[in-house]
Amino acid sequence: MAYIKLNSKNYFYNLDLISDKAGGKEKVFVVLKDNAYGHGLKEMASLASAYGIKRAVVKNLKEATQIKNLFEEILILSEILREKPDENISVTANSIDSLFLLPKKINVHLKIDTGMHRNGIDRKDIKNAFKIIKKRELFLKGVMTHFRSADELSSELFWQRENWREVKNEVKKICKEFSIPVPAFHSCNSAALFRLKEHEDDFVRCGIATYGYLETDPIFDPPKLKPVLSLWANKISSRVLKKGERVGYGGVFTAQKDMIISTYDIGYGDGFFRNDGKKELKTAEGKRILGRVSMDNISCEGESEEILVFEDAKRLAKHFNTISYEILTKLSSDIKRVVI
Ligand SMILES: *Cc1c(COP(=O)(O)O)cnc(C)c1O
């Protein structure tokens, strides 16, 4: 059966670099949304907790519930809860409307739109938000924003950070006015953390870097992180493909000589991208994937019982003109995870 190996040593290595840069592991929210970027939520949450991480970010309550015993705080990014969750679960308020919909007496992190224009309230609505938060007896634990271009070769990060600095000052002023404690601030994702000389917040929210990747432009000299995940597949069957015979759907690959080929149990149904066979794609060990990727199979030359399909998502991302995030998050949660 195909399986995913999770390299705990590499994960801890990445967390070391991230904690150092963030100013301590207590400053790090590990982002475990979308099944921990396809790695496996429970497995990665257990490892993060064992390492000493106290905070995690997830997509919804379903994910939060699965790991609720492992962290002091779990922040839900994009579900508007209708019922009060456990005490260590917080929700992101992405709009003024959501502040009216959330149940009373729950922990919220208020997101401010400082330029991405995806989620978060407008800067001019901050005071109004504070009034609603007070009236609805919500507990304001954090104020946050998200940078839209931290990994790109432009100065956008810096004007957005300027906006964020202004927002923080404004929030501090309003807190004084309302006689409430200043909430925790957080803004940096992986790219911003490593791009900026120093982050200036209470927490950072790191996803992709914990898994060993950064999509940052090489000019920023990003740190050498180590991929945590590798995808392995096992042999289903072998056969001889005679010179001139073709393999798989459409018969896209033609044997130039007699060759022994084998089929392995991974395919696009498992979330491995469907190569159409027109452009050559190789496994991590340099075996060419012959012809089209099927729903549950790929074919390669040779007879080995097991193959390493990939261990560097960035190489595949380049092939498919996408980003490492997508290659990883697509991997089916049904694939067995093995922590080493
Ligand atoms: C996904 C996400 C992150 C993590 O981003 P990475 O680039 O993976 O570090 C941080 N904050 C928010 C709001 C996110 O949606």
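Scroll up a little and you will see the structure.
My aim in this report is to walk through the structure given alongside it, one point at a time. (Residues numbered from 1 in each chain as written. Predicted model: local features only at pLDDT ≥ 70, side-chain atom pairs only at ≥ 80, totals over all residues. Heavy atoms only, no water.)

**Some points on the packing of aromatic side chains**
With the rule as written, the count across this model stands at nine aromatic pairs. Here the aromatic rings of Phe29 and Phe203 are separated by 5.3 Å at their centres, their planes lie at 80°, and the arrangement is edge-to-face. Of this pair, Phe29 sits in strand β2 (residues 28-31) while Phe203 sits in the loop between α8 (190-195) and β9 (204-206), and the two are 174 residues apart along the sequence. With a relative accessible area of 0%, Phe29 lands in the buried category. The class for Phe203 is buried, based on a relative accessible area of 11%. Ring geometry for Phe130 and Phe178: centres 6.1 Å apart, planes at 65°, overall edge-to-face. In this pair, Phe130 is assigned in helix α6 (residues 126-135) and Phe178 in helix α7 (residues 156-178), connecting sequence segments 48 residues apart. In this pair, the class of Phe130 matches that of Phe178, namely buried. An aromatic cluster is built from Tyr11, Phe12 and Tyr51, whose rings are joined through pairwise contacts. Geometry around Trp232 places Lys5 over its ring, the cationic atom sitting 4.0 Å from the centre. (Phe/Tyr/Trp six-rings, centres within 6.5 Å; stacked < 30°, edge-to-face > 60°. Helix = DSSP H or I, 4+ residues; strand = E, 2+ residues; numbered from the N terminus. Buried < 20%, exposed > 50% of the residue type's maximum accessible area, 1.4 Å probe, protein only. Lys NZ or Arg CZ within 6 Å of the ring centre and 35° of its normal.)

**A look at the site of the ligand**
The full set close to the ligand counts 14 residues, and Lys33, Tyr37, Ser190, Ile208 and Tyr325 are the nearest of them. In this structure, Tyr37 approaches the ligand through a side-chain N or O atom, which is 2.5 Å from an oxygen atom. Between the ligand and Arg205 there is a distance of 2.8 Å, counted from a nitrogen atom to a side-chain nitrogen or oxygen. Relative to its unbound accessible area of 390 Å², the ligand is 94% covered by the protein chains. Among the cavities detected, the one that contains the ligand is the largest pocket. Residues that form the shell around the ligand fall into these classes: six nonpolar, four polar and four charged. (Near = heavy atom within 4 Å. Polar contact = N/O pair within 3.5 Å; in protein donor to acceptor, adjacent residues only side chain to side chain. Areas by Shrake-Rupley, 256 points an atom, 1.4 Å probe, with all protein chains shown as cover. 1 Å grid on protein atoms, 1.4 Å probe; cavity = no way out; pocket = protein on both sides within 12 Å on 5 of 7 lines; lining within 4 Å. Sits in = over half its atoms within 2 Å of the grid points. Nonpolar A, V, L, I, M, F, W, Y, C, P; charged D, E, K, R; others polar.)

Functional significance is not addressed by these values, which are geometric in nature.
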